[in-house]
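# Per-entry structural report
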Amino acid sequence: GVIRQHRVDAGYLGWAGDGHFGKLNITHAFYQVLGRDSFNQIAKRAQRINAQMAAAEASMDFDYIRYRVGVFYASGDSRPNDGTARGFDAVLDAPNFAGGPFSFWNSQGFRVPQTGVALVEPRSLLPSLRSSKIQGQSNFVNPGVTLYNAGVDVDVTPKLRGFLNYNYLRFNRTEPLQQVLFQGGIRHEIGHDAGLGFIYRPLLNENITLIGGASTLVPGRGLTDVYSSNCNGTPAGCGSGRPVLWTVFITARFVY
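So, a few notes on the structure that sits alongside this text. Keep in mind that what you see is a predicted model, and the values were worked out from it rather than measured.

### Examining the overall build of the chain
- The number of helices and strands found in the chain is three helices and 12 strands.
- Relative to its length of 256 residues, the chain is compact, with a C-alpha radius of gyration of 20 Å against a globular reference of 18 Å.
- C-alpha atoms of the chain, sized along the principal axes, occupy 55 × 50 × 35 Å.
- Counting over 256 residues, the chain shows a buried share of 44%.
- Put simply, 60% of the contacts in the chain that link residues at least 6 apart link residues at least 24 apart.
- With the model as given, the accessible surface of the chain reaches about 13500 Å², and the carbon-plus-sulfur share is 58%.
- Computing the positive centroid from 24 side-chain charges and the negative centroid from 18, the chain places the two 5 Å apart.

This is the structure we're talking about:
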């Protein structure tokens, strides 16, 4: 888009809860953002901001095992060139939801080819098309996302907890991506995201924490459209297939 100095004034109104109905644990959140962007670089004009985010997770404990399902929704902008930006973005998000560090989509960043923006930043669920989560400004002309989650948490010992996580992701709107990439026909499916891992606290407190795991993303047709060329595999070396993405990690945290 057009790079120009601009000002974003946005206010967030939210409602969140954490509780249970009998044995069923419920966590939920809803946010509405309203405001104005004096010049959006994708729309190339000023924008009124009107976007929403909703998330909910239900879980149930059976002895040392917790089964959970959840959904995450961030609205997308179907008309990037009009005067209203409807794609939800946050100020500085770091969600512990839908797998957290054990989700490939949540833990890894994706840059959009031939642009100065990211499809999604590390430690984020939002495909906001912004230059940087820390240094860049929020961008409300974006495709949005819907995520469906299922997982299992297991307290193996008092010191060791294991995690198994699965997400299915879809873009809500692809018009902003089509405009940024000058490419029509981008489909909605992002793909299947699976991960497993552990959190180990050898002292039974937060002074030493070891976190490790592995995650993978099987790209769907929409993500393949974004990162594939148009030459369909010919000649040799032209046109990518649909490779499975994966990562393995371990981190140590010390707090005194």
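### A look at the packing of aromatic side chains
- Considering all chains together, one arrives at eight aromatic pairs under this definition.
- Where F62 meets Y67, the ring centres are 5.9 Å apart and the plane angle is 65°; that geometry is what we call edge-to-face.
- Overall, the relative accessible area of 42% leaves Y67 in the partly exposed class.
- With a centroid separation of 6.4 Å and an interplanar angle of 50°, the aromatic rings of F110 and Y227 are classed as tilted. Of the two residues, F110 sits in strand 6 (residues 110-111) while Y227 sits in helix 3 (residues 221-227), which places them 117 residues apart along the sequence.
- Among the residues examined, F110 registers a relative accessible area of 9% and is labelled buried.
- In this structure Y227 comes out as partly exposed when scored by relative accessible area, which is 30%.
- One aromatic cluster in this structure is built from F104, W105, F110 and Y227.

### Considering the side chain of S75
- With respect to the element layout, S75 can be found in the loop between strand 4 (65-74) and strand 5 (84-85).
- Exposure remark for S75: the relative accessible area of 3% places this residue in the buried category.
- With residues near it in sequence (within four places) discarded, S75 still touches A51, Q52, R86, G87, F88, N142, G144 and N172.

### Thoughts on the pattern of salt bridges
- In the structure shown here, the tally under the stated rule is 12 salt bridges.
- One salt bridge connects D61 with R66, and the closest N-O pair in it is separated by 2.6 Å.
- When its relative accessible area of 36% is taken as the criterion, D61 is described as partly exposed.
- A salt bridge links R79 to D82; the nearest nitrogen and oxygen atoms lie 3.6 Å apart.
- For R79, a relative accessible area of 54% corresponds to the exposed category.
- Several salt bridges converge on common partners, so that one network encompasses R201, E206 and R253.

### Some points on the side chain of K133
- Within the secondary structure, K133 is located in the loop between strand 7 (118-120) and strand 8 (145-155).
- Salt bridges are absent for the buried K133, whose nearest opposite-charge side chain, D93, sits at 4.2 Å.
- A polar atom in the side chain of K133 sits 2.9 Å from the backbone oxygen of D93.
- In this view, K133 contacts V91, L92, D93, E121, P122, R123 and S124; residues no more than four positions away in its chain are not counted.

### Notes on unusual backbone geometry
- Positive phi, close to 60°, is recorded for K44, a residue that is not glycine.
- Tracing the chain through its elements places K44 in the loop between strand 2 (24-40) and strand 3 (45-62).
- K44 gets classed as partly exposed once you look at its relative accessible area, which sits at 48%.
- Unlike most non-glycine residues, L204 shows phi in positive territory, near 60°.
- Assignment of secondary structure puts L204 in the loop between strand 10 (189-200) and strand 11 (208-219).
- On the basis of relative accessible area, L204 is assigned to the partly exposed category, the value being 47%.

Procedures and definitions
Residues numbered from 1 in each chain as written. Predicted model: local features only at pLDDT ≥ 70, side-chain atom pairs only at ≥ 80, totals over all residues. Heavy atoms only, no water. Helix = DSSP H or I, 4+ residues; strand = E, 2+ residues; numbered from the N terminus. Rg over C-alpha atoms; globule rule 2.2 N^0.38 Å. Buried < 20%, exposed > 50% of the residue type's maximum accessible area, 1.4 Å probe, protein only. Contact = heavy atoms within 4.5 Å. Areas by Shrake-Rupley, 256 points an atom, 1.4 Å probe, with all protein chains shown as cover. Lys, Arg positive; Asp, Glu negative; His and termini not counted. Charge placed at Lys NZ, Arg CZ, Asp CG, Glu CD. Phe/Tyr/Trp six-rings, centres within 6.5 Å; stacked < 30°, edge-to-face > 60°. Salt bridge = Lys/Arg side-chain N within 4 Å of Asp/Glu carboxyl O. Polar contact = N/O pair within 3.5 Å; in protein donor to acceptor, adjacent residues only side chain to side chain.

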